Amino acid sequence: MVSPVYILGGAQSDFARNWTKEGKHFVAVMREAAIAAMEQAKIEPREIETAHVGNFAAELYAKQGQLNAFFLEVDPVFSGLPTSRHEAACASGSIAILAASADIEAGRYDTAAVVGLEQMKTVDSATGGDFLGTAGWYERECKGVAYPFPALFGRLGDEYDKRFGLKDEYLAHISAVNYSNAKRNPNAQTRTWFMSEGNAQQTGKFNQVIAGRIKVSDCSQVTDGTAVIFLASEKFAAEYAKRRGMQLSGIPRILGWGHHTAPIEFDRKVAESRDNPYVLPHTRQAIVDSFKRAGIAGVEQLSGIETHDCFTTSEYMAIDHFGITKPGESWKAIEEGWIEMGSRIPMNPSGGLIGAGHPVGATGVRQMLDVYKQVTGTAGDYQVEGANRFGMLNIGGSGTTSCAFVVGK
Amino acid sequence: MKPLSKSVVILGANGTMGAGAAAVFAGAGYNVVMLARERDKAEAGLEAAKRAARADALGEFVRAGTYGADLERECARASVIFEALAEEIGLKREFFARVDRCRADDSLVATNSSGLSIAEMARGRSDSFRRHFLGIHLYNPPHIIVGTEVIPNPDTAPEVLSAAVAMLRGQLNRKVIVTRDRPAFVGNRVGFKVMNEVAQLAEHYGVAFLDYVVGPQTGRAMAPLATIDLVGWDVHKAIVDNVRANCRDEAYQCFTLPAYIERGVTAGSLGDKTPAMGGFYRREGKSVEVLNPATGGYEPYAAPEPIGFVERMREHNRMGRYGGAMAELASAEGPEAELARRVVMGYVSYALNRVGEVAESTSDVDTIMSFGFNWAPPGAIVDLMGARRAVELCERAGLAVPPAVESAARKGHKLFSGCVLDYGRTFFA
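Residues numbered from 1 in each chain as written. Chains lettered and ligands numbered in written order. Predicted model: local features only at pLDDT ≥ 70, side-chain atom pairs only at ≥ 80, totals over all residues.

Peer 1: Can you break down the overall build of chain B residue by residue, with the values?
Peer 2: Along the backbone of chain B there are 20 helices and 11 strands. The C-alpha atoms of chain B give a radius of gyration of 22 Å, which matches the 22 Å a tight globule of 429 residues would have. Dimensions along the principal axes, computed over C-alpha positions, put chain B at roughly 65 × 55 × 40 Å. Put simply, chain B has 429 residues, and 57% of those count as buried. In chain B, the proportion of contacts linking residues at least 24 apart, taken out of those at least 6 apart, comes to 68%. (Helix = DSSP H or I, 4+ residues; strand = E, 2+ residues; numbered from the N terminus. Rg over C-alpha atoms; globule rule 2.2 N^0.38 Å. Buried ≥ 20, exposed ≤ 12 C-beta atoms within 10 Å, placed from the backbone. Contact = placed C-beta atoms within 7 Å.)

Dropping the structure here:
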């Protein structure tokens, strides 16, 4: 029988840090997060049997590949540990989680550390924008474009506009909600920044248009960050619960997952979905699969969602793709305030990628850590009251790799 | 006391702290009124606040006005009155007398003083004023540095104190400690002790050498003398002189302002804010000159010869092995290492000996040093080098062993209450 995959907790770095200014090699903060994660989850280094590292582009940002090997630098006990590194752009963290889950389900290992990490503040914004272009079909849609991803996600908004109509004020509201939520998250990059709906609506010296309909306030952040979680088999989780005086049922599990890939080029995605009610049907299918595997009928059975708001348009897309509204009616959820804290289905209590920050390869792991915190009631000031089952969506590229999870007890 | 409603008047809107505070309050959704002597100065403050917040729309929340036309009316309807005037007690008292006559009875009145007597400012004011008055010391620049000290005066009502702390923590995202009303409070008392001691040592050892030996690798975002240039020699002098005049503690000698700084301030060398005159460093384009404190002249900056233990500490920090860096500091041999230990252990000893006198707890000292100064929390330094080793090093340097360190050494417990993620950012390579 396949073992369920339990989550034992973890830790993340403060996403407001600038590792370059600290003079740090990324391994420094990977060590910090891994050590803190083991302390918080009360796991000994010798109990970890494998490690999976999600990272997008350390070769570009830090001139370093094979990041999995750096996990051995955390503790001498890890010498010889089986490790691997995973890459699927902004979904790298989720792919690492899926690979670690598969290890546990297959019975190869009883515990796995999953690390997500990206160091991005090593280069200026134009160079970084170009690096991010490698998450698209670089040669066809990104080469020579100043900020390719804002341009692509601006076009996602345009596609909504064309099919259903889209007012930019809804995007501004999404931005303001994420910034506002981030103020309650002690690790959020923007927790001390100023943002208001009015500011997100207007274009000005400090809120310039980056590409198409995307302004600075519509964008997620350039972030140095890492997050670490531990996954475990039922066998290990049962022993772990026992020694901590807990019930096994008190430890969250990955109840369901979905994983789909769409054509990497944005134009092909759009062409493919022309007659589909959903603009990104593969993303929709990943979500539906996660619901099906979790045995839930739909979004109304979730307490909240951590979603992939690399731009306000991607969160706008997530609203109808999760089924909160009918396709094309995401604006209704915004008008009714459903996605806000304390409402029907809070989205991104953490502040999401816009508010909490978006260290590309770390994001999926950070989301999973936040989802874990929500369902264990340990999210502090950004806790969704009574949360027992949470959804998560992490996408790589312009909706290319979609990973969805349902986590609960 | 009910939670404070979201309206604030800022006095001294044209100063750095006034504009920074406006950005912080507006960022939390407060309606802010920025007052200055003249309208264009208040408006300049608003522009500075917009730049700090990087938000054109800050003006949605902020209005500008003058003391002459608007103070009485605005103070009467504000829930918070935040004073950020120049550090002159007479000036502050004059404004508080005016505020006392017009404020709403339940409004909070706060001074942003970085170390003057809070009780002295409240003296002579009405009962209601004194009950609602306290110090809220934001560090510069407040939209980036979140460490904040709250200083009640003897008559501050406990519920007012709690409401102020709740506002700062819950709405303004500050890392708050409550301190006693002693000169320079906790952060500046400790921080300026260390910086002035380094400035004294620079007379004998040289500026560039000192900033290298006790540089960022010892747990600080910026080397000490460069930090004095950043805060300004005039501000440094004011804080150090104030502590020296009003405190007699074990580090009294460290608060003697070096004569060369006294001369520099008189001549108008105030650090980074007077670029042509310079401070410890003088920059023109790409060229950097460094002060020779003995002669008062400037010489071309030359990076000091690398020293083994300093370079090894940097490499440890770069890789996140902060315990390795502290072990290196503790065990290195030679006069340079002695000098570095004198400053770092002097910091640990002085900071943790303030517990009970001005700070409530070790954890409060750690909080304000790491979030107000971006320096490694002293409790974490002790844990990283080992409390027994810290006791031994303090004793060897003739420094008072703080009771908390002595107890940690005896009982084998840790001093710092957080984890490595909470202090890692304060160790630089």
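Now, onward.
Peer 1: I'd love a proper account of the interface of chain A and chain B, names of residues and values included.
Peer 2: Taken together, the 30 residues of chain A in the interface contact 24 residues of chain B. Of all the elements in the fold, those that place two or more residues in the side of chain A that touches chain B are α1 (26-41) and α8 (197-201) of chain A. No other element matches α1(A), which puts 9 residues into the side of chain A that touches chain B. Partitioned by chemical class, the residues of the side of chain A that touches chain B number 10 nonpolar, 10 polar and 10 charged. (Nonpolar A, V, L, I, M, F, W, Y, C, P; charged D, E, K, R; others polar.)

Peer 1: An account of helix α8 (residues 187-205) of chain B is requested, with residue identities and associated values reported.
Peer 2: All names here are of chain B. The end-to-end C-alpha separation of α8 is 26 Å, in line with the 27 Å expected for 19 residues at 1.5 Å each. Counted residue by residue, α8 has 16 buried out of 19 residues, so it is predominantly covered. Looking one or two residues beyond α8, the residue adopting positive phi is Gly206, at roughly 95°. (Expected span 1.5 Å × (residues − 1).)

Peer 1: Run through the sheet that holds strand β8 (residues 175-178) of chain B, naming residues and quoting values.
Peer 2: Residues and elements named next belong to chain B. Across the sheet, 8 strands lie side by side as β3-β2-β1-β4-β5-β6-β7-β8; this open sheet has mixed pairing. Sheet topology places β3 (62-66) and β8 at the edges, where each strand pairs with a single neighbour. For this sheet, the mean angle separating the axes of adjacent strands, direction not counted, is 25°. Sheet strands touched by helix α1 (residues 16-27): β1 (7-11), β2 (31-36), β3, β4 (80-83) and β6 (133-138). Its angle to β2, the strand with the most contacts, is close to 170°. Of the strands in this sheet, β5 (108-111), β6, β7 (147-152) and β8 touch helix α7 (residues 158-171), which is tilted by about 170° from β7. (Pairing = 2+ DSSP bridges. Axes fitted to C-alpha atoms, helices over the stretch in contact; angles between N-to-C directions.)

Peer 1: Before we move on, could you go through the nonpolar core and cite the residues and values that matter?
Peer 2: By size, the foremost hydrophobic cluster in this structure holds 290 residues, and its most contacted members are B:Ile10, B:Ala22, B:Ala26 and B:Met34. Sorting elements by how many residues they give to this core places α1(A) first, with 12 residues. Each residue touching B:Ala26, except ones within four places of it in the same chain, is listed here: A:Phe194, B:Val32, B:Ala49, B:Ala53, B:Leu58, B:Phe61 and B:Val62. (Core = buried A, V, L, I, M, F, W, Y, C linked by C-beta atoms within 7 Å.)

Peer 1: Quick one: what's the story with the packing of helix α15 (residues 335-352) of chain B against helix α18 (residues 387-396) of chain B, residue by residue and with numbers?
Peer 2: Residue and element names in this part refer to chain B. Axis separation between α15 and α18 bottoms out at 10 Å; the angle between their running directions is 110°. Between α15 and α18, the angle is such that the two are roughly perpendicular. Seen from above, α15 lies across α18 with left-handed handedness. Contacts from Arg341, Met345, Val348 and Ser349 in α15 reach Ala390, Leu393 and Cys394 in α18. (Parallel < 35°, antiparallel > 145°, perpendicular 65-115°, else oblique. Left-handed = near helix turned anticlockwise from the far one by under 90°.)

Peer 1: Quick one: what's the story with the pairing of β6(B), residue by residue and with numbers?
Peer 2: All names here are of chain B. In terms of burial, β6 is a largely internal element, 6 of the 6 residues being buried. Burial along β6 is two-sided: the face carrying Phe133, Gly135 and His137 and the face carrying Leu134, Ile136 and Leu138 are both buried. One ladder, built from 3 bridges, connects β5 with β6; its direction is parallel. The residue bridging Val109 from the neighbouring strand is Phe133, located in β6.

Peer 1: Give a description of the environment of A:Val115 that names residues and reports values.
Peer 2: Residues and elements named next belong to chain A. For Val115, the position within the fold is in strand β4 (residues 111-118). We classify Val115 as buried; it has 31 C-beta atoms within 10 Å. Once the C-alpha coordinates of Val115 and Gly93 are considered, the two residues, 22 residues apart in sequence, prove to be 7.4 Å apart.

Peer 1: Got a sec to walk through unusual backbone geometry? Specific residues and values, please.
Peer 2: Residues and elements named next belong to chain B. For the bond running from Asn140 to Pro141, omega is -5°, close enough to zero to count as cis. You can see Pro141 is positioned in the loop between β6 and β7. If you check the backbone angles, Asn173 has positive phi at about 60° while not being a glycine. Considering the arrangement of structural elements, one finds Asn173 in the loop between α7 and β8. Using a count of 21 C-beta atoms within 10 Å as the deciding quantity, one classes Asn173 as buried.

Peer 1: An account of the packing of helix α3 (residues 67-77) of chain B against helix α4 (residues 89-102) of chain B is requested, with residue identities and associated values reported.
Peer 2: Residues and elements named next belong to chain B. The interhelical angle for the contact between α3 and α4, taken along N-to-C directions, is 55°, at an axis separation of 8 Å. By the angle between their directions, the pair α3 and α4 is classed as oblique. Along this stretch, α3 crosses α4, giving a crossing that reads as right-handed. Taken together, the residues of α4 that come into contact with α3 (itself represented by Leu71, Glu72, Cys75 and Ala76) are Arg98, Val99 and Cys102.

Peer 1: Explain the pairing of β3(B) to me, using residue names and the numbers behind them.
Peer 2: All names here are of chain B. Relative to β3, β2 is paired through 5 bridges, and the arrangement is parallel. Looking at the pairing, Met34 lines up with Ala64 of β3. Since β2 and β3 lie parallel, the crossover through helix α2 (residues 39-53) that links them has a hand, and here it is right-handed. (Right-handed = clockwise from strand over helix to strand, strands pointing away.)

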